[in-house]
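Overview (structure and organization)
Single-letter residue listing:
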Amino acid sequence: MSFVRVLSTSDLEVGTAKMVSVDGNRILVVKDRDGAVWATSALCTHARVYLVLPELTDDGLIECPAHGAMYCPRDGSVRQGPALTPLTTYKTAISNDDVLVDLAVPVEAKG
Amino acid sequence: MDALTPVSVGSADHNLVAEWLYREAMLFDRGDMNAWLALVEPDIQYRMPVRRSATPGAGGDFSTLMYHFDESHSSLTARIKRLGTEHAWAEQPASRTRHLVSNVLVHRAKEDELHAASAFILTRGRDDDAIDILSGEREDVFRKTETGLKLARRLILIDQTVLKTYNLSVFF
Amino acid sequence: MRAMVEGTGFSARLADGTSLYDLVDEKRGRISRRIYADPEVFELEQERLFRRTWSFLAHESELPEPGDVLTRDLAGEPVLLVRGDDGKVRAFLNSCRHRGMRVCRTDRAKVKRFTCPYHGWTYSRAGALIAVFAEDLYDDAHLNKAELGLVPVAQLGSYRGLIFGTWSGDVPPLETFLGNMKFYLDLYLGRSDAGTEVVGVPQVWDVDANWKFAADNFTGDNFHIYSAHGSIVDLGLLPPDPMALSFGALVRAEGGHVLHFVPGPPDPAFSHFGVPKEFVPHIERNLNPAQQDLVKRHGYSVGTVFPNLSFMQVIVQGDFESPPTPFLSFRLWQPLSATKTRISSYLLIEKEASSAYREASSSAYVRTFGPSGIFEQDDMENWKDCTRVNKGKIAQRHFLHHGMNMQAPRDESFPGPGEAWPGSYGERTQLAFYGEWQRWLTEAAPWTR
C-alpha cells in the first residue's frame, strides 16, 4: 500500500473531476454527487485523449471531450461508447483534509 | 389530417397530375405565364423556403420563416404582369429555361384533392453566359375543379443553400 | 507622384505603373473602370481594405443560446461565431490548428464542442484546444494545448445587435470606426424597446458583378429607380412622376458611411418609415429629438456602412392587394473575386412586432427584394452587365462619370451629424464612398481624419 496525497478535499467540489500528476502518471480524481471520491486513469481508452472536462455529466459520469465516451468513476466501466475498454481505477482514501490515491494497486475494472 | 392513399403510377389520377406538370413545364419554358396563371387557384400559396445547412438539433435545413418565394395569387399576378411590361430588364431578353420534371409520386387526400411530389432540374441561360442549373423537389396540392386540375399549394425545396444563379426571375 | 504609400511598405502603383491615386478622382467625379474588374485591384482591396476594416459578420439574434454556431466569412476566410457558456459571442478562424480543416462545416450548428473530422482534435465553446488524439504520445516540449486554441479574430464588436469583426489589431474600436453612423443606425435598430431581430435566416446568392456596384447603389442612388425599376412604375406600384422620390437629403455621416432620406407622400401611413403606429411611443422613448424628427418626417432611408454593409428602410407593395408595407433589410456584399460577389440579405424587424406586422413585412420584402424580388431582379441585371463591360481594356481607357447635383450647397439645418445636402438625387454620396475606398488602398491609417 503506498498512498500518495494528491489533493486537499476542499480542492474538489461535488460533481467535478480534476487531473493530477503522480510520478509522471496522470490520474483523474473525481468527487461524485454523493461526495464519494474515486480515482481513475486520465487517458480515454478510445483515442487516448486526456479526460480534461471539469464537470461530471448530469448522471455523474466522466465524459471524454473528444467523442463523448462516458465512464462510471466508481469502477471505470464504459457506460457509453465509442470507448470499448474500461478505465483503470485506483484505491482512494480520505485522511483529515487530504485525498490519497494508491497507485501501486490498480483495481481491475469489472465489465 | 386526412389519410393519404397512394395513387399508382399509370393510373388515371397519376396521369392527370403528371400531364399537368409536363404542360406546366412547357408553359414556363415557352413563357406563356398567363396560361399558367389560369391553372392556379385563387387561394394559391406558392413558397420556396430558404435552405441553409445545419447540424442535427440546429433547426433543420429549410427555414420556416424566410423564403425565396412567398406568393399569393395577387403577387404572382404582379410578377407575371411585370414580365409583360417593356421594362423588366432581368427578363429582357427572356431567360432560356428548360424545366425537366420527373419522379412524380401522387397521393389522394380527398375525393377531389391530390398531393404530388416531383423532382425538377431547371436549366437557365441568358446572353452568352454558361447555363445555370438548379434542382429540387416540389410538394404540390392539386384540386379537381369544374375547369380542370388546379394548383392550390406549392412548396419548392431547392437543393442549393447559396443560390448559384444571379436572380430568380424564372418560375419553379 | 508617390511610388510608395507613406508609412507603409506597399506600392502606390499597380504593376503596369498606374497610380492608385488616379483610380478615383473625387473632385472631378471620375472613377476608373478598372476598379470593378481588375484582379490586381481585387487583391489590393483584400489586403488593404478587407483584411484591415471592420466587417459585418452576424446579428446577435442569430445565436441566442450557448453552443449556437454560425459559419461566416471575414475577408474571404472562413470564420465561425459561437456563443460560449458565459453568454459571450466569440469569433475564430474556422480552422483546426493541426492541418487546417474547418471544425464546423455547416451554416448553422448547435455544439457542445468542436471536433475536427480529420484527427479528432477538439475545441471548447470558447475556442480552447481541450483534446488531442493520442495525447500521451506527446511530451510537454512538443505539445502545449494552451498555444493551439482556435485563432480568434483580432477584434470583435457589436452595435445595436450587429456583430462586426476585423483581422486588424490596429483599426480603432468599432464604436470609433462607426462614428456618426451610430446616430443613423439607431433610427433603424435602436428605435424600439427590445431592438430588432433577424427574421429566419439570410438569403444568400452569388452574382457575377463587382461588389462596389451594389455598395454604391445603396449609398444614394435614388435616381436609378425610375429607369431600372420602370416595370414597377408600369404596374402602378410606384408613383408615375420620376421626380416624386427626388426630395429628402443625401448625408455623409462620416468617411465612407453614407446614406439618404426620402419623405413619402403626406399621408400618415408614410410617416415614421411607415412602421405601425404602436412603435411611435417606443421611438419617443428611445431616440433623441433630432433622431425622432428624422424618423417622423421620412418614409424611406437607404445607405451603406462602409465598406460593404448596406441597409434599406423602405415602404413597398409586393402585390396588388396589400397596402404599402414597411420593411428593414441589411445586406452584405462580399467580394469573391473582381467580378463575383456573394450577397447575404437579411430581413430585420422589431422584436415586439405583432404577427400581422411580421407577416406583412416579410412577404413585402420577399416579393420586392432578395433574389426573386421584383425590384432586385433588375438590379442584378444592371450590375452584372456593367461589370462585364468594364473588364475591357478599351473600356478601361474611359472613366465613369459622376456629377449629378454636385453644385448643391450643404444643408446646414439638417438635424443629423456629418454633412447633408438637400434632395436625394445626386452623386455626392457615391463619390464619398469611392474617395474613402481609395484612402484605404493608399493610406497606412485611413481611419485617422
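Note that the structure is a prediction, hence the values are computed from the model and not measured.

1. A closer look at the overall build of chain A
Per the secondary structure count, chain A includes zero helices and nine strands. Each helix and strand of chain A, ordered N terminal to C terminal, gives the series β-β-β-β-β-β-β-β-β. The globule rule puts the C-alpha radius of gyration for 111 residues at 13 Å, and the 13 Å found for chain A is close to it. Expressed along its principal axes, the backbone C-alpha trace of chain A runs to roughly 40 × 25 × 25 Å. Relative to its full complement of 111 residues, chain A shows a buried share of 34%. Residue pairs in contact within chain A that sit at least 24 positions apart in sequence constitute 42% of those at least 6 positions apart.

2. Things to note about helix α1 (residues 39-50) of chain C
Residues and elements named next belong to chain C. Of the residues making up α1, those classed as buried are V41, F42, L44, E45, R48, L49 and F50. Viewed end-on, α1 has its buried residues packed into an arc of 165°, placing them on one side of the element. Away from its buried face by more than 90 degrees, α1 exposes P39 and E43. Against β3 (55-59), β19 (325-337) and α11 (428-442) lie the buried residues of α1.

3. Brief notes about unusual backbone geometry
With an omega of 0°, the peptide bond running from Q92 of chain B to P93 of chain B counts as cis. In this fold, P93 of chain B is placed in the loop between α3 (73-83) and β4 (96-110). Between F306 of chain C and the following residue, P307 of chain C, the backbone shows a cis peptide bond with an omega angle of 0°. The residue P307 of chain C is located in the loop between β17 (300-305) and β18 (309-316) in this model. Backbone geometry places F273 of chain C, a non-glycine residue, at a positive phi of 60°. Inspection of the secondary structure puts F273 of chain C in the loop between β16 (257-262) and α7 (280-286). A count of 25 C-beta atoms within 10 Å places F273 of chain C in the buried class.

4. What to know about the interface of chain C and chain A
Chain C puts eleven residues into the contact, and the matching count from chain A is nine residues. Classifying every residue of the side of chain C that touches chain A by side-chain character gives five nonpolar, three polar and three charged.

5. Some words on the sheet that holds strand β6 (residues 132-145) of chain B
All names here are of chain B. Pairing is mixed across the open sheet formed by seven strands, whose spatial order is β1-β4-β5-β6-β7-β2-β3. Both outer strands of the open sheet, β1 (5-7) and β3 (62-71), are each paired with one neighbouring strand and no more. The mean angle between the axes of side-by-side strands here comes to 30°, regardless of whether they run parallel or antiparallel. Looking at chain direction, strand β2 (residues 40-51) and strand β7 (residues 148-158) are connected through four bridges and run parallel. Residue pairing for β7: Q45 is matched across the bridge by R153. Here helix α1 (residues 12-30) sits on the sheet in contact with β1, β4, β5 (113-125), β6 and β7, set at roughly 155° to β4. Sheet contacts for α3: β2 and β3; angle to β2, the most-contacted strand, approximately 80°.

6. Examining the interface of chain C and chain B
Often the size quoted for an interface is simply the accessible area lost on bringing the parts together. Facing the 39 residues of chain C at the interface are 36 residues of chain B. Counting only elements with at least two residues in the side of chain C that touches chain B, the list comes to β7 (108-110), β14 (203-207), α6 (230-234), β20 (340-350), α9 (355-368) and α10 (376-389) of chain C. Counting residues per element, the side of chain C that touches chain B draws most heavily on α10 of chain C, which supplies six residues. Of the residues that constitute the side of chain C that touches chain B, the class distribution is 14 nonpolar, twelve polar and 13 charged.

7. What about the confidence of the model for chain A?
Predicted confidence across chain A gives a mean pLDDT of 91, with 95% of residues reaching 70 or more. At the level of individual helices and strands, chain A shows its lowest average pLDDT in strand β9 (residues 98-107) of chain A, which scores 84, and its highest in strand β6 (residues 70-71) of chain A, which scores 98.

8. Some words on the sheet that holds strand β6 (residues 89-93) of chain C
All names here are of chain C. Taking strand neighbours across the sheet as the criterion, the four strands line up as β6-β5-β4-β7 in an open arrangement whose pairing is antiparallel. Looking along the sheet, the strands with just one partner apiece sit at the ends: β6 and β7. Adjacent strand axes in the sheet meet at a mean angle of 30° when their direction is disregarded. As defined by bridge partners, strand β5 (residues 77-83) adjoins β6 across five bridges and the pair is classed as antiparallel. Residue pairing across strands places L80 opposite F92, the latter belonging to β6.

9. Regarding the packing of α1 of chain C against α11 of chain C
Residues and elements named next belong to chain C. Direction vectors running N to C along α1 and α11 enclose 90°, while the axes themselves pass 8 Å from each other. Judged by the inter-axis angle, α1 sits roughly perpendicular to α11. Contacts between α1 and α11 involve L44, E45, R48 and L49 from the first element and W437, W440 and L441 from the second. Its residues placed into classes, the contact of α1 with α11 shows five nonpolar, no polar and two charged.

10. Structural notes on the environment of P307 of chain C
Residue and element names in this part refer to chain C. The exposure class of P307 is buried, given the 23 C-beta atoms found within 10 Å. Here the alpha-carbon distance between P307 and L348, two residues 41 residues apart in the chain, equals 20 Å. Look past the residues within four positions of P307 in its chain and what remains in contact with it is L49, T53, A215, G256 and W437.

11. Here we look at the environment of D221 of chain C
Residue and element names in this part refer to chain C. As for its placement among the helices and strands, D221 is situated in the loop between α4 (211-220) and α5 (225-228). According to the C-beta neighbour criterion, D221 is buried, with 21 such atoms within 10 Å. Measuring from C-alpha to C-alpha, the distance between D221 and Q430 comes to 7.7 Å, with 209 residues separating the pair along the chain.

12. Remarks on the pairing of β5 of chain B
All names here are of chain B. Every second residue of β5 is oriented toward a common face, the buried set being L114, A116, S118, F120, L122 and R124 and the non-buried set E113, H115, A117, A119, I121, T123 and G125. Inspection of the sheet shows β4 paired to β5 by twelve bridges, in the antiparallel sense. Bridge assignment links H107 to a residue of β5, and that residue is H115. Here β4 hands over to β5 after two residues, the two strands then running antiparallel side by side. As judged from the twelve bridges shared by β5 and β6, these two strands associate in the antiparallel manner.

13. Comments concerning the nonpolar core
L28, V29, V49 and L51 of chain A together with L57, V79 and L81 of chain C are the most contacted members of the largest nonpolar core, which has 189 residues in total. Composition of this core by domain shows at least three residues from each of domain 1 (55-159) and domain 2 (179-442) of chain C. Residues contacting V79 of chain C, with those up to four places away along its chain left out, are L57, R72, D73, L74, A91, F92, L93, N94, V153 and G165 of chain C.

14. Examining the arrangement of the chains
With two pairs of chains in contact overall, the contact-richest pair is chains B and C. In this structure chain A stays clear of chain B, and the shortest span between their C-alpha atoms is 16 Å.

15. Considering the packing of helix α3 (residues 181-189) of chain C against helix α8 (residues 289-297) of chain C
All names here are of chain C. Here α3 crosses α8 at 55°, and the two axes come no closer than 10 Å. One way to sum up the angle between α3 and α8 is to call them oblique. Crossing angle aside, the handedness with which α3 passes α8 is right-handed. Of the residues in α8, those in contact with F183, D186 and L187 of α3 are Q291, L294 and V295.

16. What to know about the environment of V29 of chain A
All names here are of chain A. Along the polypeptide, V29 turns up in strand β3 (residues 25-31). Judged by the 24 C-beta atoms lying within 10 Å of it, V29 falls in the buried class. Considering only alpha carbons, one finds V29 and T16, 13 residues apart in sequence, at a separation of 8.5 Å. For V29, the contacting residues outside a window of four places in its chain are V6, L7, L12, A17, K18, V20, V37, A39, V99 and V101.

About the thresholds
Residues numbered from 1 in each chain as written. Chains lettered and ligands numbered in written order. Predicted model: local features only at pLDDT ≥ 70, side-chain atom pairs only at ≥ 80, totals over all residues. Helix = DSSP H or I, 4+ residues; strand = E, 2+ residues; numbered from the N terminus. Rg over C-alpha atoms; globule rule 2.2 N^0.38 Å. Buried ≥ 20, exposed ≤ 12 C-beta atoms within 10 Å, placed from the backbone. Contact = placed C-beta atoms within 7 Å. Arc of directions from axis to C-beta. Nonpolar A, V, L, I, M, F, W, Y, C, P; charged D, E, K, R; others polar. Pairing = 2+ DSSP bridges. Axes fitted to C-alpha atoms, helices over the stretch in contact; angles between N-to-C directions. pLDDT = per-residue confidence, 0-100. Parallel < 35°, antiparallel > 145°, perpendicular 65-115°, else oblique. Core = buried A, V, L, I, M, F, W, Y, C linked by C-beta atoms within 7 Å. Domains from an automatic or database assignment. Left-handed = near helix turned anticlockwise from the far one by under 90°.

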